Amino acid sequence: MRIGRLLVTLTALALCACAAQVPVLRGTGDLGVVVERETGRLKLIETSGRTELATIGGLGDLSHASVVYSRDARYAYVFGRDGGLSKVDLLEARVVGRVVQAGNSIGGAISQDGRLIAVANYDPGGVKVFDAATLELLSDIPSAGGDGTRRSKVIGIADAPGNRFVFSLFEAGEIWIADVSDPRHPQVRKFTGIGKEPYDGLITPGGRFYIAGLYGEDGVALLDLWNPEAGVRRILGGYGRGEEKMPVYKMPHLRGWAVAGNVALLPAVGRNEVLFVNTDTWAEAGRVAVHGQPVFVIVQPGARRAWVNFAFPNNDTVQVIDIPARSVIRELKPGRAVLHMEFTPRGEQAWVSSRDDNRVTVYDTATFAALATLPADHPSGIFLTSRAFATGF
Amino acid sequence: MDRVPIGWAVAVSGALAAGALHAGEPAPERRAQLVEMVRQDCGSCHGLTLKGGLGPSLLPSALGDKDAVSLQYTILDGRRGTAMPPWRPFMGEDEALWIAHTLKNGLPERERK
């Protein structure tokens, strides 16, 4: 039935020394969670047989929830909109720690050494750093940008090499680097005037570049973490060519999945386009017209293709882009309100959530056939444990 | 969707008592769609519980003293210089006014199975 509960039962039996059986042993490399945003639950899934193993509740308001994994890929850290930070044991399928650390939060990151969890908060604005083992609060970095009188909402937090966290301040238009080598005394370096309204950020897979997308203007802010003294520079300036923006009914999301070789694929804001950027020169390297305002542009492992989903009212569609050809080669209809997509680490499967059809569809990425459909209550994010081993996740 | 939840009835009757609703109050099925749209799609920026995200809170505590007609036109036409987009393509003027009143009174929970 439920492997997690079975394990708990067997562990209990083993503890009372009355069990002849041993616990079911398994790895976590093919596990993942699907967020059921309204009921505050996670579905624990596995990608080998493509089945659900358990449901884990008690996680609070999971709208816009995101997840990072411990470096041994056993524990999931869940960041809820209600400011909750929960630690979930995948093998026992239960919550083993939870703190409500702010009124309104947006996401988080785990440090390079796996010992620290940082949470980005909207209200009160700032970043809080926790011990990954105990969830003890170690430091609090209020996001009082500009003249220091007003806290900004923190967005786009990412882990960087050297036990640093990089994040952006929405209202103030700043990028901060917090060095948490001494987690109770973080050292913060601030970059001001980086552009209007950064809405999300990403760090490139090697951990060298931090990119913040800008909502308030055409362009993207770029920080080279190897050469921070060079400051933040603007790339893709004026990609909208001065044309009136189309309304944006859902903000795009950025993450390290956007990079394919020496090309990064970024959602245009207010345009139905995916932008390509050469990561050697940071000059535009093409663009592809797509079905709507892109939300996630996710490169499939192997870097030949990217899958794109869209904002309301075009959110029943996923398009697949051939990266070398700079063209859309396939259109899928996984259901109403497609909120997220996640590839298995070698890219043979894509898991796609449809909020309004209450299901997750697993696609074979070679044939685009649906391999499995799993029921889920208003599913949003899908997070596989392979994220444990990637900078920026 | 044929039974009206209690919270809803209170919200609507509250708005009616204030003499605020036009004759064009949406039919029950459409109201359910609108509530779902507010929660899910407005919720993308304002939060599923509407307590705020990148966009501000839409809870009664935040909107209570705001003029319903001004909210109606913010919904319909967006706000220049902010991320608030125009929702006019997806609803009528009366529907936007009904949403404005409903938000001021507290959006009802969706009926759960």
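Residues numbered from 1 in each chain as written. Chains lettered and ligands numbered in written order. Predicted model: local features only at pLDDT ≥ 70, side-chain atom pairs only at ≥ 80, totals over all residues. Heavy atoms only, no water.

1. Considering the pairing of strand β29 (residues 327-332) of chain A
Residues and elements named next belong to chain A.
Item 1. Judged from the 5 bridges that link them, strand β28 (residues 318-322) and β29 form a sheet pairing that is antiparallel. Across the sheet, residue Val320 finds its bridge partner in β29, namely Arg330.
Item 2. Hairpin remark: β28 followed by β29, antiparallel, with 4 residues in the connecting loop; positive phi at Arg326, about 50 degrees. (Pairing = 2+ DSSP bridges. Helix = DSSP H or I, 4+ residues; strand = E, 2+ residues; numbered from the N terminus.)

2. Points about the packing of aromatic side chains
Item 1. The full count for this structure, using the stated rule, is 13 aromatic pairs over all chains.
Item 2. Ring centres of Phe312 of chain A and Trp87 of chain B lie 5.4 Å apart, and the angle between their planes is 35 degrees; this geometry places the pair in the tilted category. Note that Phe312 of chain A is positioned in the loop between β27 (305-310) and β28 and Trp87 of chain B in the loop between α4 (68-77) and α5 (93-105), a pairing that runs across two chains.
Item 3. For Phe312 of chain A, a relative accessible area of 14% translates into the label buried.
Item 4. Owing to a relative accessible area of 4%, Trp87 of chain B belongs among the buried residues under this scheme. (Phe/Tyr/Trp six-rings, centres within 6.5 Å; stacked < 30°, edge-to-face > 60°. Buried < 20%, exposed > 50% of the residue type's maximum accessible area, 1.4 Å probe, protein only.)

3. Focus on α4 of chain B
All names here are of chain B.
Item 1. What α4 keeps buried is the set Ala68, Leu71, Gln72, Ile75 and Leu76. Along the axis of α4, the buried positions cluster into a sector of 135 degrees, meaning they face one direction only.
Item 2. In this structure, the buried side of α4 is in contact with α3 (60-63) and α5.
Item 3. Gly78 sits one or two residues past α4 and shows a positive phi near 75 degrees. (Arc of directions from axis to C-beta. Contact = heavy atoms within 4.5 Å.)

4. Considerations on the pattern of salt bridges
All names here are of chain A.
Item 1. One pass over the full model with this rule turns up 27 salt bridges over all chains.
Item 2. The salt bridge involving Asp89 is made with Arg74; its shortest N-O contact spans 2.8 Å. In this pair, Asp89 sits in strand β6 (residues 84-89) while Arg74 sits in the loop between β4 (66-69) and β5 (75-79), placing the two residues 15 residues apart along the sequence.
Item 3. Note on Arg74: relative accessible area 28%, which makes it partly exposed.
Item 4. Taken together, the salt bridges that share partners define one network made up of Glu243, Arg271, Glu273, Glu284 and Arg287. (Salt bridge = Lys/Arg side-chain N within 4 Å of Asp/Glu carboxyl O.)

5. Quick look at the nonpolar core
Item 1. Residues Val127, Ile157, Phe167, Leu236, Leu266 and Trp307 of chain A are the most contacted members of the largest nonpolar core, which totals 59 residues.
Item 2. Here this core takes 4 residues from strand β9 (residues 116-123) of chain A, the largest share from any one element.
Item 3. Residues Tyr249 of chain A together with Val38, Ile99 and Ala100 of chain B belong to the second largest nonpolar core, which totals 23 residues. (Core = buried A, V, L, I, M, F, W, Y, C linked by side-chain atoms within 4.5 Å.)

6. Details of the confidence of the model for chain A
Item 1. Counting all residues, the mean pLDDT for chain A is 93, and 94% of those residues have values of 70 or more.
Item 2. A low-confidence stretch, residues 10-20 of chain A (pLDDT under 50), is modelled with 7 contacts involving residues beyond four sequence positions or located in other chains. (pLDDT = per-residue confidence, 0-100.)

7. Focus: the side chain of Arg81 of chain A
Item 1. Looking at the element boundaries, Arg81 of chain A is found in the loop between β5 and β6.
Item 2. No salt bridge is formed by the buried Arg81 of chain A. Its closest oppositely charged neighbour is Asp61 of chain A, at 6.3 Å. (Lys, Arg positive; Asp, Glu negative; His and termini not counted.)

8. A word on the packing of α4 of chain B against α5 of chain B
All names here are of chain B.
Item 1. With their axes 8 Å apart at the nearest point, α4 and α5 run at an angle of 120 degrees to one another. Taken together, α4 and α5 sit at an angle that is classed as oblique. You can see that α4 and α5 cross each other, and the crossing is right-handed. Residues Ala68, Val69, Leu71, Gln72, Tyr73, Ile75 and Leu76 of α4 lie in contact with α5, whose contacting residues are Glu93, Ala96, Leu97, Ile99, Ala100, His101 and Lys104.
Item 2. Considering only residue class, the contact of α4 with α5 consists of 10 nonpolar, 2 polar and 2 charged. (Axes fitted to C-alpha atoms, helices over the stretch in contact; angles between N-to-C directions. Parallel < 35°, antiparallel > 145°, perpendicular 65-115°, else oblique. Left-handed = near helix turned anticlockwise from the far one by under 90°. Nonpolar A, V, L, I, M, F, W, Y, C, P; charged D, E, K, R; others polar.)

9. Description of the sheet that holds strand β26 (residues 294-299) of chain A
Residues and elements named next belong to chain A.
Item 1. Taken in spatial order, the 4 strands make up an open sheet running β26-β27-β28-β29, and their pairing is antiparallel. Two strands in the sheet have a free side with no partner beyond their single neighbour: β26 and β29. When strand polarity is set aside, the average angle formed by the axes of neighbouring strands in this sheet is 25 degrees.
Item 2. The pairing of β26 with β27 spans 4 bridges and is antiparallel.

10. A short note on the side chain of Thr47 of chain A
Item 1. For Thr47 of chain A, the location among the structural elements is in the loop between β2 (41-46) and β3 (51-56).
Item 2. Setting aside anything within four residues of it in sequence, one finds Thr47 of chain A in contact with Asp30, Thr344, Gln349, Trp351 and Leu384 of chain A.

11. Focus on empty space enclosed by the protein
Item 1. Per the counting criterion, the structure on display carries 5 cavities of 30 Å³ or more.
Item 2. Contributing elements (two or more residues each) for the lining of the largest cavity: β4, β8 (104-110), β9, β14 (154-160), β18 (198-203), β30 (338-343) and β34 (379-384) of chain A together with α2 (28-46) of chain B.
Item 3. With 5 residues, α2 of chain B is the largest single contributor of residues to the lining of the largest cavity.
Item 4. In terms of residue class, the lining of the largest cavity is built from 24 nonpolar, 16 polar and 8 charged.
Item 5. As a volume, the second largest cavity reaches approximately 70 Å³.
Item 6. Considering the residues around the second largest cavity, the lining is formed by Tyr199, Ile211, Gly213, Leu214, Gly219, Val220, Tyr239, Leu254, Leu266, Pro267, Val269 and Leu275 of chain A.
Item 7. Going through the elements one at a time, β19 (209-214) and β23 (263-267) of chain A are the ones with two or more residues in the lining of the second largest cavity.
Item 8. It is β19 of chain A that provides the largest number of residues to the lining of the second largest cavity, a total of 3 residues.
Item 9. Taken together, the residues of the lining of the second largest cavity sort by class into 10 nonpolar, 2 polar and no charged. (1 Å grid on protein atoms, 1.4 Å probe; cavity = no way out; pocket = protein on both sides within 12 Å on 5 of 7 lines; lining within 4 Å. Points joined across faces, edges and corners; volume = space filled by probe spheres on them.)

12. Looking at the interface of chain A and chain B
Often, the extent of an interface is quoted as the loss of accessible area on bringing the components together.
Item 1. Contacts between the two partners involve 26 residues from chain A and, on the opposite side, 24 residues from chain B.
Item 2. Taking both partners together, chain A and chain B bury about 2100 Å²; carbon and sulfur atoms supply 53% of that area.
Item 3. When residues of chain A are sorted by the area they lose upon contact with chain B, Glu38, Tyr249 and Phe312 of chain A head the list and together hold 29% of the total.
Item 4. For the interface between chain A and chain B, the tally reads 2 salt bridges.
Item 5. The shortest N-O distance in the salt bridge between Asp41 of chain B and Arg355 of chain A comes to 3.8 Å.
Item 6. Put simply, chain A and chain B have 5 residue pairs in polar contact (both at pLDDT 80 or more) between them.
Item 7. The residue makeup of the side of chain A that touches chain B, split by class, is 11 nonpolar, 5 polar and 10 charged. (Buried area = accessible area lost by both parts, 1.4 Å probe. Polar contact = N/O pair within 3.5 Å; in protein donor to acceptor, adjacent residues only side chain to side chain.)

13. What about α2 of chain B?
Item 1. At Val38 of chain B, α2 of chain B shows its maximal kink, close to 30 degrees.
Item 2. Gly47 of chain B, located one to two residues past α2 of chain B, shows a positive phi value of around 90 degrees. (Bend = angle between axes of the 7 residues up to and from the residue.)

14. Focus on the environment of Arg255 of chain A
All names here are of chain A.
Item 1. Secondary-structure assignment places Arg255 in the loop between β21 (232-235) and β22 (259-260).
Item 2. Ignoring any residue separated from it by four or fewer positions in sequence, one finds Arg255 in contact with Gly108, Ile157, Asp200, Gly201, Leu202, Gly392 and Phe393.
Item 3. A distance of 3.0 Å separates a polar atom in the side chain of Arg255 from the backbone oxygen of Ile157.

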